[in-house]
Amino acid sequence: MGHVILAGLLGVWFVFETWLTLIHSTKQDKRETVSKWIMISTLNVGVFGGFFFEGARESFFASFSLVRYAGLITIFGGFILRVASVRKLGASFNIDPQTRPDQKLVQDGLYRYFRHPGYLADFIAFAGLALVFWNPISSLLVLLLPPIGILYRIRVEEKLLLEAFGSDYREYCKNTSALIPWIF
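The rules behind each value
- Residues numbered from 1 in each chain as written.
- Predicted model: local features only at pLDDT ≥ 70, side-chain atom pairs only at ≥ 80, totals over all residues.
- Heavy atoms only, no water.
- Helix = DSSP H or I, 4+ residues; strand = E, 2+ residues; numbered from the N terminus.
- Buried < 20%, exposed > 50% of the residue type's maximum accessible area, 1.4 Å probe, protein only.
- Contact = heavy atoms within 4.5 Å.
- Axes fitted to C-alpha atoms, helices over the stretch in contact; angles between N-to-C directions.
- Parallel < 35°, antiparallel > 145°, perpendicular 65-115°, else oblique.
- Nonpolar A, V, L, I, M, F, W, Y, C, P; charged D, E, K, R; others polar.
- Patch = residues over 30% accessible without salt bridge, like charges linked within 9 Å, V, L, I, M, F, W, Y side chains within 5 Å.
- Areas by Shrake-Rupley, 256 points an atom, 1.4 Å probe, with all protein chains shown as cover.
- Salt bridge = Lys/Arg side-chain N within 4 Å of Asp/Glu carboxyl O.
- Core = buried A, V, L, I, M, F, W, Y, C linked by side-chain atoms within 4.5 Å.

So, on to the side chain of Ser139. Assignment of secondary structure puts Ser139 in helix α6 (residues 136-175). A residue is classified by how much of its surface remains accessible, and Ser139, at 11% relative accessible area, is buried. With near-sequence residues (within four places) excluded, Ser139 lies in contact with Ala130, Phe133 and Trp134.

Here the focus is the packing of helix α5 (residues 117-133) against α6. Remark: α5 packs on α6, axes separated minimally by 8 Å, with the N-to-C direction vectors making an angle of 170°. Relative to α6, α5 is oriented roughly antiparallel. Together, Tyr119, Asp122, Phe123, Phe126, Ala127, Leu129, Ala130 and Phe133 of α5 and Ser138, Ser139, Val142, Leu143, Pro146, Pro147, Ile150, Leu151, Arg153, Ile154 and Glu157 of α6 make up the contact between the two elements. Broken down by class, the residue content of the contact of α5 with α6 amounts to 14 nonpolar, 2 polar and 3 charged.

Taken together, the side chains of Leu151, Ile180, Ile183 and Phe184 present a nonpolar region at the surface, about 390 Å² in accessible area. With a relative accessible area of 40%, Ile180 lands in the partly exposed category.

Here we come to the nonpolar core. One broad rule of soluble globular proteins: the nonpolar side chains tend to lie buried together. One finds Leu6, Ile75, Phe126, Leu129, Val132, Val142 and Ile150 to be the most contacted residues of the largest nonpolar core, which totals 31 residues. For this core, the secondary-structure elements that each account for two or more residues are α1 (2-23), α2 (34-48), α4 (66-89), α5 and α6. With 9 residues, the single largest contributor to this core is α5. Once you skip the residues sitting within four places of it in the chain, Ile75 turns out to touch Leu6, Leu9, Trp13, Ala125, Gly128, Leu129 and Val132. Counting residues in each nonpolar core, the second largest holds 7 residues, with Val106, Tyr111, Phe165 and Tyr172 among its members.

Position of Pro136 relative to the elements: it lies in helix α6. We classify Pro136 as exposed; its relative accessible area is 68%. As for Pro136 and Gly50, which are separated by 86 residues in sequence, their C-alpha atoms are 9.2 Å apart.

Here's what the structure looks like:
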């Protein structure tokens, strides 16, 4: 049953991210795309790379334990947080880091506490996936590689938002955490 739930969760997540890419991919002259490809590469290698190691497939297809079910709940929680953060940004959300001249700096809802709740959601979902894999190599790949791409993307977005919103964004940074309160 756990494998069916996982397939459903990953399917819905994939469809949502594909929909975001198709609907929220406004191409402007001033946009950055390198971070998107770095992030996609590290996510894919992290998620799918673990299947190439001896024993990873066998452990993945083993029956689900309580820890692996907890991983499914964690993935679901991360997905819900991702949807909520994208909804809050509304028209300001875009797949490629860029700003529009009429764009407002969102500082309420989840963005009152975190500057990047969508990426926090990804971290949470990948932590859940690491629990579902429950294999040292696969879990480590899922925990280490995607954050590299995401952290790079955050750096790119922070620079862009600082250029677009100046002192307002600088003040916002003083009052919020990028991902984890009091740490980062």
